[in-house]
Amino acid sequence: MKKKQEVEKSLKNLGGKVLGDIDKGENPSIDVPIRTLSNVKFDVESQMIKMGGSLAKRYFFNVGHVRKFVQTIEAAAVAKELIDVQKHLSLRETFYKMKRTLPNSNINLVDEQEESNAAIEDLELITGASREFLHINANKLGSVAGKVVVEDKGDTIDWSKLGSGGWAIPSNVEEIIFKKVDAKFIIYLEKAAEWERLHEDRVWEKLNCIIISSQGQATRGIRRLLQRLHVEHKLPVYILVDGDPWGAYIYSVIKYGSISLAHISQELAIPGAKMLGLTADDVVKYELKRHLIKFEEVDVKRLEQVKNYDWFKDNKEWQKQFKLWKELNGKVELAALSSKGITFISDKYIPDKIKHKEWLD
Amino acid sequence: MAEKIVTAEDLANKMREVSVAEFFEKNRHLLGYENTTKSLLTIVKEAVDNSLDATNEAGILPDIKVTLRELSPDKFKIIVEDNGPGIVEEKISLAFGKLLYGSKFHRLRQSRGTQGIGISGAILYSQLTTGKPVRIMSSTGKAIHSVDLLIDVLKNAPIAASKKEERNPDKWHGTKIEMEAEGRYMEGRQSIPEFLKQTAIANPYAKIVYDGPNGKVTFDRAVKELPIQPKEIKPHPYGVELGILRRMATNTHARNLVGFLTTEFSRVGRSSADQIIRLAKVENKNPKDLTHDETGRLHKAIQMVKLVSPPTDCLSPMGEKIIEEGLKKELEAEFFVAVTRPPAVYRGNPFQVEVGLAYGGKLPTDSTAQLIRFANRVPLLYHQSDCATSEATIDTDWRRYDFQQSSGQLPQGPLVILIHFASVYVPYTSEGKQAIADYPEIIKEIKLALQEAGRKLSIYVRQKNKRRDAQLRSELFEKYIPELAESLEKLTDVKRQKIIEDLEKIIKKGVKGEKEAGS
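Just so it is clear, the structure is predicted and the values come from calculations on it, not from any experiment.

Turning next to the sheet that holds strand S10 (residues 167–169) of chain A. Residues and elements named next belong to chain A. Read across the sheet, 6 strands follow the order S10-S7-S13-S12-S14-S15 without closing on themselves; strand pairing throughout is mixed. One side of each edge strand has no neighbouring strand; the edge strands of this open sheet are S10 and strand S15 (274–277). Each strand axis lies, on average, 30° off the axis of its neighbour in the sheet, ignoring direction. Relative to strand S14 (residues 237–240), strand S12 (residues 185–189) is paired through 4 bridges, and the arrangement is parallel. Its bridge partner being in S14, Ile186 is matched across the sheet by Val237.

Right, here's the structure in full:
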């Protein structure tokens, strides 16, 4: 992670480079690392998805580039201002700050938040500074509970004393200080509903662990929090996702990093994370076949895709799972475990799995 | 109730010959008189076709005047006058008042009319809807003869109600026909003005004045050369049907089969004739004595012997220059291109396809292209979707030439497509003569012509698009320059005005490196 001065300097360099081109009478250009599967590599040694070296040149005087070019420079201008005044904006707020109408036209500089988000991600790649250091935050989307005490912005928070809602994980967890960590491991859940199940059953107390959830794909704040707990306090991370290719990818993002954020895998990936469930084997073992939701065409396609990712390709255990999923031709949600009993997941499924080390790596 | 028994004798008493005039009186839709709007157009079309054919043959640059007067909302007076050679007095009544009488039916040569029905059909329709005779004035340059004419429908024969002879001090020559008829007048895609406009496009050597219910329009002469007179040819054996072959054999003056085949047909030489006769096993026969079976064998044998294609000097294409001139004259477009294909043959009939494209300018951009169709220079306004020209145009991939095209549709954009089909015999899909039949050879030729013209047009369209893109591009950059300057000012504290000026300078100088940047 870069220090504040370094971030400021790289923003300044970006502006200087463009001005230099203009001074020389050249078509202003910036180099943007490419964020697609073709430019990421799975680094076997570090067990992380890493960014390749491919750069795309983005020009101002190019019909296809001009819009993105100006969006990127505008994102840099916003970040500089935020750093100068020591304030943070959410991605949504940044979108509104960047949104303006070009004079004598009906063109907006950004029309959708996806455009400003993409400009910010490009800016991260160009400056080498992650979003949080550019003072731009994502939405809070996750909850956490467990025997941990943290300090955030001068406030002390005990994760075991926050009622039924738990602690809402902020998008920027860099400044959080862990005061006291009694938990022995972390359970991450893809679904907030299952987190509430575990929380109501006080699993974190019974098993002496931390329970963390997101809603769908884990956000950066959650991933960074998981990584910090894992690295700084040596806590094993166990992952619970729906049994389908999408769940397998959520697991792999936490473990190895993601394609779109390959440039900051170092700060986010947890190669030691284990997949607790739901596995294809679970479907057989826990008689969940009747709860299978038949694969749609997109699911089958996604299964093929995920199966062939470098980080799964040579993993025999996982390939066995994918083969079995294909045979089952359907997915199973975590919620389906409640068919075995209201607290089955808390009292039986999780403790048994951890006890017998029944996970995928 | 007891039924009346009809005996064979009763039936026999009722049987009688039906005259061709009577037949068409009952089946007038076959001649283009199925509704009142189309009927008016058909009358004008038949008269104008005759005038153009007559002037062409006489080598006269045509001056044609069409007058249409509304007598009541459903009754009109139609007058068509030309400066043709005129008709000799004795033939006036027969030429106009007898169906299937004429000079064009028995010969194989490209002309507008062929059957000798057209103008008589118009007179028949006039008589049927008004009961009044039609007045014909004609002069070969001597006296002017006027005939008020009716048709005896049962006999298919003209009745001259009155005849007059006038002096002709100005030595006027030509023919003028004046008739009243039931009709309805409309303007638009299938109308008299549109027909005349398309006629003017295909016949730019003609001057046509139209004096209609909504005022006078003049279609000026754009070129001073008449088209080359096509030659008459004998039928090519490949296109002759069995019945016709039989009739020709019966009527021939030739005394043996070799003589019959070599003199009555084109492209049959002595050795080809011998070969045909051997194949048909009809050696040493007199053509008049051939049995039905032998004629059949002869007909089959003809198809099996390789013969040279028919001569093509019987065709008179418009030519690329004339097509372009014609289009330029009547359409406000910015680019014109025409293609004349070499002659080809379907079923033994020589034919030739020509295509003209008019693009851009004031042509409408938001609709499908307009297709204007001609057979032997006569505009075809009805039954477009049944026509080989439509089929071939839709079948052509216009996206290759930078036009949008949905499947089964004409291309989209500011485009007029002219297709001219010239042949000694136009294979119409029906007697209404509005659509050309889709013989594979014809479709193929039309497509080749369209493709060649399309390629030429696309060069122009691409250049134009390129210029337009360049324009749009610099407009686009102009919009983003102040935005970039504003962002850069915030990022670097350099004043935006300076940045704007520097960027404007780069635009003026021409941007380098933009091409390599791709996309």
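Here we take up the environment of Leu55 of chain A. Residues and elements named next belong to chain A. Checked against the element boundaries, Leu55 lands in strand S4 (residues 55–59). Its relative accessible area of 52% is what places Leu55 among the exposed residues. In the structure, Leu55 is positioned 20 residues away from Arg35 in sequence and 9.3 Å away in space, judged by C-alpha atoms. Filtering out sequence-adjacent residues up to four positions away, Leu55 remains in contact with Asp31, Val32, Pro33 and Ile34.

Let us look at the interface of chain B and chain A. Each partner contributes residues to the interface: chain B has 30 residues there, and chain A has 34 residues. Across the interface of chain B and chain A, roughly 2800 Å² is buried in total on both sides, 71% from carbon and sulfur atoms. Of all residues in chain B, Tyr480, Glu483 and Leu491 of chain B bury the most surface against chain A, accounting for 26% of the area lost on that side. Remark: the boundary between chain B and chain A carries 4 salt bridges.

In this section: the pairing of strand S1 (residues 63–72) of chain B. Successive residues of a regular strand alternate their side chains across the two faces of the sheet. Residue and element names in this part refer to chain B. Relative to strand S7 (residues 207–212), S1 is paired through 5 bridges, and the arrangement is parallel. Its bridge partner being in S7, Val66 is matched across the sheet by Tyr210. Judged from the 7 bridges that link them, S1 and strand S2 (residues 75–81) form a sheet pairing that is antiparallel. Within the sheet, the bridge partner assigned to Ser72 lies in S2 and is Lys75. Where S1 folds back on S2, the antiparallel hairpin that results is connected by 2 residues.

Right, let's get into the nonpolar core. Residues Trp159, Ile187, Ile210 and Ile212 of chain A are the most contacted members of the largest nonpolar core, which totals 77 residues. Sort the elements by how many residues they give to this core and helix H8 (residues 245–256) of chain A lands first, with 7 residues. Two domains share this core, each providing at least three of its residues, namely domain 1 (4–137) and domain 2 (142–355) of chain A. Counting residues in each nonpolar core, the second largest holds 66 residues, with Tyr33, Ile151, Ile208 and Ile323 of chain B among its members.

A few words on the pattern of salt bridges. If the charged atoms of two oppositely charged side chains come close together, the side chains can form a pair. Considering all chains together, one arrives at 60 salt bridges over all chains under this definition. With its nearest N and O atoms 3.8 Å apart, the salt bridge here joins Arg468 of chain B to Asp469 of chain B. Relative accessible area serves as the criterion here: at 48%, Arg468 of chain B is assigned to the partly exposed category. Residue classification places Asp469 of chain B among the partly exposed residues on the basis of a relative accessible area of 36%. A salt bridge links Arg496 of chain B to Glu486 of chain B; the nearest nitrogen and oxygen atoms lie 4.0 Å apart. Here Glu486 of chain B lies in helix H13 (residues 440–492) and Arg496 of chain B lies in helix H14 (residues 496–509), a separation of 10 residues in the sequence. Residues joined in a network through salt bridges with shared partners are Glu74 and Arg100 of chain A together with Glu483, Glu486, Glu489, Lys490 and Arg496 of chain B.

Another point: the packing of aromatic side chains. Applying the stated criterion to the full structure yields 30 aromatic pairs over all chains. With centroids separated by 4.9 Å and ring planes inclined at 75°, the aromatic side chains of Phe60 of chain A and Phe61 of chain A adopt a geometry described as edge-to-face. Plain terms: the ring middles of Tyr251 of chain A and Trp318 of chain A are 5.1 Å apart, the flat faces sit at 25° to each other, and that makes the pair stacked. With Tyr251 of chain A in helix H8 and Trp318 of chain A in helix H13 (residues 316–328), the pair connects residues that are 67 residues apart, well separated along the chain. Overall, the relative accessible area of 0% leaves Tyr251 of chain A in the buried class. Grouping aromatic residues by their ring pairs yields a cluster made of Phe335, Tyr359, Trp398, Tyr401, Phe403 and Tyr460 of chain B.

Residues and elements named next belong to chain A. In spatial order, the strands read S9-S8-S11; together these 3 strands make up an open sheet with antiparallel pairing. Edge strands, defined here as strands with exactly one partner in the open sheet, are strand S9 (155–158) and strand S11 (177–181). Ignoring strand direction, the axes of neighbouring strands in this sheet form an average angle of 20°. Inspection of the sheet shows strand S8 (residues 148–152) paired to S9 by 4 bridges, in the antiparallel sense. Along S9, the bridge assignment pairs Val149 with Asp158.

Turning next to the packing of helix H2 (residues 66–85) of chain A against helix H4 (residues 113–127) of chain A. Residue and element names in this part refer to chain A. Between H2 and H4, the least distance of the axes is 9 Å, while the angle of their chain directions is 70°. What the angle tells us is that H2 and H4 run roughly perpendicular. On H4, the residues that touch Arg67, Gln71, Thr72, Ala75, Ala76 and Ala79 of H2 are Glu115, Ala119, Ile120, Asp122, Leu123 and Ile126. Residue composition of the contact of H2 with H4, by class: 7 nonpolar, 2 polar and 3 charged.

Now for empty space enclosed by the protein. In this structure the tally under the stated criterion is 6 cavities of 30 Å³ or more. Together, 14 residues line the largest cavity, and Asp53, Asn56, Gln110, Arg112 and Pro230 of chain B are the ones closest to its centre. Around the second largest cavity sit 13 residues that line it, and Glu132, Glu174, Arg220, Arg224 and Leu268 of chain A are the ones nearest its centre. Elements supplying a minimum of two residues to the lining of the second largest cavity: helix H7 (220–233) and helix H9 (265–268) of chain A. Considering each element in turn, the lining of the second largest cavity owes the most residues, 3 residues, to H7 of chain A.

Residues and elements named next belong to chain A. Where helix H5 (residues 192–200) contacts helix H14 (residues 344–355), the two axes come as close as 9 Å, and the packing angle between them is 95°. Regarding the angle of H5 to H14, the classification is roughly perpendicular. Contacts between H5 and H14 involve Glu194, Arg197 and Leu198 on the former and, on the latter, Ile345, Ser346 and Ile350. Its residues assigned to classes, the contact of H5 with H14 shows 3 nonpolar, 1 polar and 2 charged.

Here is what the cut-offs are and how they apply
- Residues numbered from 1 in each chain as written.
- Chains lettered and ligands numbered in written order.
- Predicted model: local features only at pLDDT ≥ 70, side-chain atom pairs only at ≥ 80, totals over all residues.
- Heavy atoms only, no water.
- Pairing = 2+ DSSP bridges.
- Helix = DSSP H or I, 4+ residues; strand = E, 2+ residues; numbered from the N terminus.
- Axes fitted to C-alpha atoms, helices over the stretch in contact; angles between N-to-C directions.
- Buried < 20%, exposed > 50% of the residue type's maximum accessible area, 1.4 Å probe, protein only.
- Contact = heavy atoms within 4.5 Å.
- Buried area = accessible area lost by both parts, 1.4 Å probe.
- Salt bridge = Lys/Arg side-chain N within 4 Å of Asp/Glu carboxyl O.
- Core = buried A, V, L, I, M, F, W, Y, C linked by side-chain atoms within 4.5 Å.
- Domains from an automatic or database assignment.
- Phe/Tyr/Trp six-rings, centres within 6.5 Å; stacked < 30°, edge-to-face > 60°.
- Parallel < 35°, antiparallel > 145°, perpendicular 65-115°, else oblique.
- Nonpolar A, V, L, I, M, F, W, Y, C, P; charged D, E, K, R; others polar.
- 1 Å grid on protein atoms, 1.4 Å probe; cavity = no way out; pocket = protein on both sides within 12 Å on 5 of 7 lines; lining within 4 Å.
- Points joined across faces, edges and corners; volume = space filled by probe spheres on them.

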